[in-house]
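Listed below, chain by chain, are the residues.
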Amino acid sequence: MKKIPPRLRNVRILATLGPASSGPDMIRKLYLAGVDAFRINMSHGAHEDHAVNIASIRALEKEFGRPTTILADLQGPKLRVGTFANGVAVLKVGEPFVLDRDTAPGDTRRANLPHPEIYEALLPGTRLLLDDGKLVLRVQKVEDDRIETLVEVGGTLSNRKGVNVPDVVVPMAAMTDKDRRDLSFAMQQGADWIALSFVQRPEDLAEARKLMGGYGALMAKIEKPAAVQRLDELLELSDAVMVARGDLGVELPPYAVPPLQKQIVASARRMGKPVVVATQMLESMIKAPTPTRAEVSDVATAVYDGADAIMLSAETAAGDWPEEAVAMMDSIARSVETDPGYLDRLHFTETKPDPTTADALAEACAGVVPTVGATAIVCFTSSGSTVRRVSRERPSAPILALTPRQDTARKMGLLWGVHAVRTKDIGSFEEMIGKARRMSLRHDLTEAGRKIIVLAGVPFGTPGSTNVIHVATIRGDELKGRDEG
């Protein structure tokens, strides 16, 4: 078995698989280039193809002895217009345009809109955005089966283009029948994270939670203005959030997205929930081998803000340079994290601990690291909650998470600064310190004469009982005569 050392960066890289990155060879290349977690986009591709890719990802686990992380991203409800008699219709500014329940092909005056929920939600004066916001309609009158609008921004509209409704909450479930089938498939395949699209309300997370039945971890994608307005509630009920800037940038003015991104990242960090920044990060690398300077700056900003993970979408799923896109993102992150001012910028966001022993120790841990010059923080965890708390503090030393549970180790692949290892459980304090020393040496996180910080709970094996913080010194001979951790 080859051992892959911990990444020499804190932020994680999440890469989307697709036609350009399917197959064991390319997946392995992306992994070695710096990918920490793989996104399976359930909006595209057949289950059979996804299953093959998932098997390839898990094969890396056996090859390199490191847990692999898989996120299954559900499509969510897609709102679309119907078809047109000529395949397209040109809508002109100032002209009336009607959306109705009639399934007949549309023309320049009308089109089918087969979503009763929209008719219920719309009010005169609200907007409808078509084809990712390229066309804008202003609602004039709403009836049970007819919406009369005026064209504010015209253009060519073709068959089944998407519809966004930014000004109201559309009373529709966040999960479709397809999503339920895809969720069942993802759980059968052992996906570690489930991402729920187009979340608007806390209630939208309830069905997914119920269907998951305690399985895996749930990520809420923040891509609707309504979700931003109830962000704290969504953070409370989810295990992580994604700043899905594509649809946010459709439903909101583009200039509103950067401050919202910062707000979402900061709120997630304060609540100790992992946060992913996604969409168009290195967009030009879909076709070009290098990004624009603006894209490099965009990725760097997310790293400076302290996001847990940064995501590649079409760059790796359908681009001409998937491996190069990962390597570039990795290089940008490493460059930012070697900036002497990096940690100071990270701590612009204040993360106050909850009044619990575990939070108090996690906060203390981050303070002890620079004082004693510790090279690593070793956390023994069953559920991963201790590690998440320590990661929230953004300490100046890497976090080595030791857990007997494979599912816990895999889920931690999206946590800032964490290198997770599955290992046998411990039964005593002496065994804990000995294992912490050995594992930090084995994974190249320390050396003789240096100190590590050990965090655990006593009695051992009890989830949520973190109550011990210990500073240990490495002798350097801990691995002699030892074959494994």
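Definitions and limits used
Residues numbered from 1 in each chain as written. Predicted model: local features only at pLDDT ≥ 70, side-chain atom pairs only at ≥ 80, totals over all residues. Heavy atoms only, no water. Salt bridge = Lys/Arg side-chain N within 4 Å of Asp/Glu carboxyl O. Helix = DSSP H or I, 4+ residues; strand = E, 2+ residues; numbered from the N terminus. Buried < 20%, exposed > 50% of the residue type's maximum accessible area, 1.4 Å probe, protein only. Phe/Tyr/Trp six-rings, centres within 6.5 Å; stacked < 30°, edge-to-face > 60°. Lys NZ or Arg CZ within 6 Å of the ring centre and 35° of its normal. Arc of directions from axis to C-beta. Contact = heavy atoms within 4.5 Å. Core = buried A, V, L, I, M, F, W, Y, C linked by side-chain atoms within 4.5 Å. Axes fitted to C-alpha atoms, helices over the stretch in contact; angles between N-to-C directions. Parallel < 35°, antiparallel > 145°, perpendicular 65-115°, else oblique. Left-handed = near helix turned anticlockwise from the far one by under 90°. Nonpolar A, V, L, I, M, F, W, Y, C, P; charged D, E, K, R; others polar. Pairing = 2+ DSSP bridges.

Chemist: Lay out the pattern of salt bridges in plain terms, naming residues and giving numbers.
Modeler: Within this structure, the stated rule accounts for 36 salt bridges. Across the pair D305 and K262 runs a salt bridge whose closest N-O atoms are separated by 2.8 Å. Here D305 is found in the loop between α10 (293–304) and β16 (309–312), whereas its partner K262 is found in helix α9 (residues 257–270), with 43 residues between them in sequence. The salt bridge involving D477 is made with R475; its shortest N-O contact spans 2.9 Å. Accessibility expressed as a relative area gives 35% for D477, which makes it partly exposed. When salt bridges with common partners are traced through the structure, they connect R7, R9, R12, D36, R66, D330 and R334 into a single cluster.

Chemist: How would you explain the packing of aromatic side chains if you had to name every residue and give the values?
Modeler: Inspection of every chain in the model, using the stated rule, returns 1 aromatic pair. With a centroid separation of 5.5 Å and 45° between ring planes, the pair formed by Y31 and F64 is classed as tilted. With Y31 in helix α1 (residues 24–33) and F64 in helix α2 (residues 47–64), the pair connects residues that are 33 residues apart, well separated along the chain. On the accessibility criterion, Y31 (2% relative accessible area) is buried. It is R7 that lies over the ring of Y31; its NZ or CZ is 5.3 Å from the centre. A cation sits over an aromatic face here: R101 above Y119, 4.5 Å from the ring centre.

Chemist: Describe in detail helix α5 (residues 203–212), supporting the description with residues and values.
Modeler: Turning to α5, its buried residues are D204, L205, A208 and M212. Mapping the buried residues of α5 onto a view down its axis gives an arc of 85°, with all of them on the same face. Exposed residues lying more than 90 degrees from the buried face of α5 are E203 and K210. Residues of α5 that are buried sit in contact with α4 (177–188), β12 (193–196), β13 (217–222) and α7 (231–237).

Chemist: Break down the nonpolar core for me, citing the residues and quoting the values.
Modeler: The nonpolar side chains of soluble globular proteins are, as a tendency, buried together. Core analysis: the largest hydrophobic core is formed by 69 residues, its most contacted members being F38, I194, L196, I222, V241, I310 and M329. Core analysis: the next-biggest nonpolar cluster, separate from the first, contains 26 residues, F97, A111, I118 and V139 among them.

Chemist: Can you tell me about the packing of α1 against helix α12 (residues 322–337), naming the residues and giving the values?
Modeler: Relative to each other, α1 and α12 sit at 15°, their axes nearing to 8 Å. In terms of axis orientation, α1 runs roughly parallel to α12. For the pair α1 and α12, the sense of crossing is right-handed. Contacts from M26, K29, L30 and A33 in α1 reach P322, E323, V326, A327 and D330 in α12. Residues of the contact of α1 with α12, tallied by class, amount to 6 nonpolar, no polar and 3 charged.

Chemist: Residues and numbers for the sheet that holds strand β19 (residues 418–422), please.
Modeler: Spatial strand order, β19-β18-β17-β20-β21: 5 strands in an open sheet with mixed pairing. This sheet does not close on itself; its edge strands, each paired only once, are β19 and β21 (466–473). The mean angle between the axes of side-by-side strands here comes to 20°, regardless of whether they run parallel or antiparallel. For strand β20 (residues 451–457) and β21, the ladder comprises 7 bridges, and the chain directions are antiparallel. In the strand pairing of β21, G457 is matched with T466. Here helix α14 (residues 357–372) sits on the sheet and contacts β17 (376–380), β20 and β21; the angle it forms with β21, its principal contact strand, is near 15°.

Chemist: Give a detailed account of the packing of α10 against α12, specifying residues and quantitative values.
Modeler: For the pair α10 and α12, interaxial distance at closest approach is 9 Å and the crossing angle is 50°. Between α10 and α12, the interaxial angle falls into the category oblique. In this structure, the crossing between α10 and α12 has a hand that is right-handed. Residue-level contacts link V296, V299, A300, V303 and Y304 of α10 to M329, I332, A333, V336 and E337 of α12. Class assignment for the residues of the contact of α10 with α12 results in 9 nonpolar, no polar and 1 charged.

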